[in-house]
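Chain and residue survey
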Amino acid sequence: MAELIVEIVALDRKIWNGTARLVRVRTTEGEIGIMPGHESMAGLLTAGEFAIDRVEGDRLRGTIDSGFVSVDNNRVTVVADEVSLESENRSA
Amino acid sequence: MGAQIRVYRQKIASTSSMKKIFKAMEMIATSRINKSRQSLEGAYPYANALTRAVSQIATQHNITHPLTTVPDEVRRAAVVVFTSDRGLAGSYSSNVLKRTEELLELLRSQGKETRVYLVGRKAKAYFDFRHRDYDDFWTGNTDSASTERAEELTERLMSDINAPYEDAGVDEVLLVYTQFNSMVNQEPRVLRLLPLEVVDANDLGDEVSQRYEALEDTHSNFEFEPNPEELFNQILPRYVKARIYSALCHAASSELASRQRAMKAAGDNATELIKKYTRLMNNARQAEITTELTEIVSGAEAL
């Protein structure tokens, strides 16, 4: 099955990257779930939670202050201004 | 004769105390440079993600945004100069300032007005000493890039570029900073930050574009939330911030690398000098002993 290649970045560091089955984020239009094969998009994020169902490992949760997300060819990039991860296990 | 030995001894003492300072500065620079290089690496993913997004939006929709269109006539340019706070870094700051002078001269010859922003005490001292005008300055902590400073600079530059010409607004923003190529190679360069040039994301050459297939040029169904214009408005300032932060990182790493190199050279020279003076001192001492001996012998003979 196809997987999403996810990358979460902040201004001064890469927060997390790895593969996932589902990425859930809150955009200005509402919450969206991105699964493999999702059409290309770019969206603004508002303050809220995000969740990533990792291919290996459990769900990764956290909160984002603001930023944007772009999806292209099963590649998801989350660019965040302020981000905090709930679980401290950041390894991919 | 005794006076000569004393002079050499003083010179050796002062040189070895300087050598201690050089050693200490070199060690500090060495210990900080790794951290600085890490933050330089850390700045890439964000900048690349934004570059990619901007390029995607720009190729999808032919949006003309004030920040991406070159104005017909550039009447005033903002120049941001990145130097260090402290000296003892070889020609690091003076190279940047030299580059700045050339740039300012060029802008003046093109009939453009300038607004100058200085980062680092060295740049401020340079402009103050020559009674030159500048519009604002930031000093302190030039050897570690901070997101706060990037934020402040972005805010200032964005308000400048958005302001109309009559209100001291600028049409162009240029950065003069030192690009960190490697530990032994840093070069001062001028980067036009605004108006932005939209780069093709596939030319980035970073990890992502190497690992994954090239972006397709045409996505008929590229979706934007809320709409491309709003998205562009939100993304571009972030892009600017990323570029400024990256310049700060480059400048900090270059400063530390220059300092390390300069201090290494200074330390080596000090060692050489100490060796030379020690030899001269020994020479003088022996000459003194010889003279004394001769005096005693000839004195005894005279009796």
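Residues numbered from 1 in each chain as written. Chains lettered and ligands numbered in written order. Predicted model: local features only at pLDDT ≥ 70, side-chain atom pairs only at ≥ 80, totals over all residues. Heavy atoms only, no water.

1. What about the overall build of chain B?
Within chain B one finds six helices and six strands. Walking chain B from its N terminus toward its C terminus, one meets helices and strands in the order α-β-α-β-α-β-α-β-β-α-β-α. Oriented by its inertia axes, the alpha-carbon framework of chain B measures out at about 115 × 50 × 30 Å. Taken over 303 residues, chain B has a buried fraction of 46%. Here the analysis covers contacts within chain B between residues at least 6 apart in sequence; of these, 76% occur between residues at least 24 apart. (Helix = DSSP H or I, 4+ residues; strand = E, 2+ residues; numbered from the N terminus. Buried < 20%, exposed > 50% of the residue type's maximum accessible area, 1.4 Å probe, protein only. Contact = heavy atoms within 4.5 Å.)

2. Let's talk about the side chain of Thr27 of chain A
Looking at the secondary structure, you find Thr27 of chain A in strand S2 (residues 13–27). Here Gly30 of chain A takes part through its backbone oxygen, which lies 3.0 Å from a polar atom of the side chain of Thr27 of chain A. Ignoring any residue separated from it by four or fewer positions in sequence, one finds Thr27 of chain A in contact with Ile32, Leu44, Leu45, Thr46 and Val69 of chain A together with Glu225 of chain B. (Polar contact = N/O pair within 3.5 Å; in protein donor to acceptor, adjacent residues only side chain to side chain.)

3. Quick look at the interface of chain B and chain A
Each side of the interface is counted separately: chain B has 33 residues, and chain A has 30 residues. Summed over both sides, the interface of chain B with chain A buries roughly 2700 Å², with 59% coming from carbon and sulfur. By the criterion of area lost to chain A, the three top residues of chain B are Tyr46, Glu225 and Arg238 of chain B, representing 24% of everything that side buries. Scanning the region where chain B abuts chain A turns up one salt bridge. Across the pair Asp81 of chain A and Arg238 of chain B runs a salt bridge, and its minimum N-O distance is 2.7 Å. In this structure, the connection of chain B to chain A is made through two residue pairs in polar contact (both at pLDDT 80 or more). (Buried area = accessible area lost by both parts, 1.4 Å probe. Salt bridge = Lys/Arg side-chain N within 4 Å of Asp/Glu carboxyl O.)

4. Topic: the pattern of salt bridges
A side chain with one charge can pair with a side chain of the opposite charge if their charged atoms come near. Summed over all chains, the structure comprises 23 salt bridges over all chains. Across the salt bridge formed by Glu7 of chain A and Lys14 of chain A, the nearest N and O atoms sit 3.5 Å from each other. Here Arg76 of chain B makes a salt bridge to Glu113 of chain B, at a shortest N to O gap of 3.1 Å. With Arg76 of chain B in strand S1 (residues 76–82) and Glu113 of chain B in strand S2 (residues 113–119), this residue pair connects regions lying 37 residues apart in the sequence. On the basis of relative accessible area, Glu113 of chain B is assigned to the partly exposed category, the value being 35%. Taken together, the shared-partner salt bridges connect Arg24, Arg26 and Glu31 of chain A into one network.

5. Side note on the packing of helix H2 (residues 92–109) of chain B against helix H3 (residues 121–129) of chain B
Residue and element names in this part refer to chain B. Interhelical geometry of H2 versus H3 gives an angle of 50° and a closest axis separation of 10 Å. Considering the angle they form, H2 stands oblique to H3. Here the hand of the crossing between H2 and H3 comes out right-handed. Of the residues in H3, those in contact with Ser93, Leu97, Glu101 and Leu104 of H2 are Lys122, Ala123, Tyr126 and Phe127. Of the residues in the contact of H2 with H3, the class split is five nonpolar, one polar and two charged. (Axes fitted to C-alpha atoms, helices over the stretch in contact; angles between N-to-C directions. Parallel < 35°, antiparallel > 145°, perpendicular 65-115°, else oblique. Left-handed = near helix turned anticlockwise from the far one by under 90°. Nonpolar A, V, L, I, M, F, W, Y, C, P; charged D, E, K, R; others polar.)

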